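So you can see what is in the structure, the chains are spelled out below.
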Amino acid sequence: MNHVEIYTDGACKGNPGPGGWGVWLKQGHVNKELFGGELDTTNNRMELTAVIEALDALKRPCAVTLYLDSEYVRKGITEWIQGWKARGWRTAARQPVKNVELWQKLDALVASSGHKIVWRWVKGHSGDPGNERADALANKGVEKALGRA
């Protein structure tokens, strides 16, 4: 099983507002960059989209170390999601889960992909080279959404 390192990030100019997502994938000496955006979105949606796009880009099962600066996404997929599903996609406070369609897509990807994923939180904007690169790509995604890239 190939090992892939993935850095993801989301950005939003206003929340909601125009947003972008960025992904930097590394396997050995091979690097791949992905980015995109939407005109009317939120930061959390872009963080989720980045992870979905990253995992979707892998064409065969991989050992993945996924670095992200979003505790919302990391805790959502590793801690909260089982309870949400057990409660019919409701939070502990019985409110509908926000971004449910993205959570369902991520859940399905994780379950069906065959990837062995290690989720690693990194502090955003702290000089981590992978996170900084993913952040720059997310900002390119905002520019793309605005028609400037």
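The rules we used
- Residues numbered from 1 in each chain as written.
- Predicted model: local features only at pLDDT ≥ 70, side-chain atom pairs only at ≥ 80, totals over all residues.
- Heavy atoms only, no water.
- Pairing = 2+ DSSP bridges.
- Helix = DSSP H or I, 4+ residues; strand = E, 2+ residues; numbered from the N terminus.
- Axes fitted to C-alpha atoms, helices over the stretch in contact; angles between N-to-C directions.
- Core = buried A, V, L, I, M, F, W, Y, C linked by side-chain atoms within 4.5 Å.
- Buried < 20%, exposed > 50% of the residue type's maximum accessible area, 1.4 Å probe, protein only.
- Phe/Tyr/Trp six-rings, centres within 6.5 Å; stacked < 30°, edge-to-face > 60°.

Enquirer: Before we move on, could you go through the sheet that holds strand β3 (residues 30-41) and cite the residues and values that matter?
Expert: Read across the open sheet, the five strands follow the order β3-β2-β1-β4-β5; overall the sheet is mixed. Two strands lie at the open edges of the sheet, namely β3 and β5 (116-121), each paired on one side alone. On average, each strand axis in the sheet is tilted by 20° relative to the strand beside it, whichever way the strands run. Pairing between strand β1 (residues 3-12) and strand β4 (residues 63-68): six bridges, direction parallel. In the sheet register, Tyr7 faces β4, and the bridge partner there is Tyr67.

Enquirer: Describe the nonpolar core, and please don't skip the residues or the numbers.
Expert: Among the nonpolar cores identified, the biggest contains 32 residues, and Ile6, Leu55, Leu66, Trp103 and Leu106 are the most heavily contacted of them. Elements with a contribution of two residues or more to this core: β1, β2 (17-27), α1 (43-57), β4, α2 (71-86), α3 (100-112) and β5. Per-element accounting of this core gives the leading share, eight residues, to α1. Tyr7, Tyr67, Val122 and Leu137 belong to the second largest nonpolar core, which has six residues in total.

Enquirer: Can you explain the packing of aromatic side chains? Please cite residues and give values.
Expert: Counted under the stated rule, the structure contains five aromatic pairs. Consider the rings of Trp80 and Trp84, whose centres lie 6.0 Å apart with planes at 50°: the pair is tilted. Of the two residues, Trp80 and Trp84 both sit in helix α2, four residues apart, roughly one turn of that helix. With relative accessibility at 35%, the residue Trp80 sits in the partly exposed group. Taking the relative accessible area as the measure of exposure, Trp84 reaches 7% and is therefore buried.

Function cannot be inferred from these measures alone, as they are strictly geometric.
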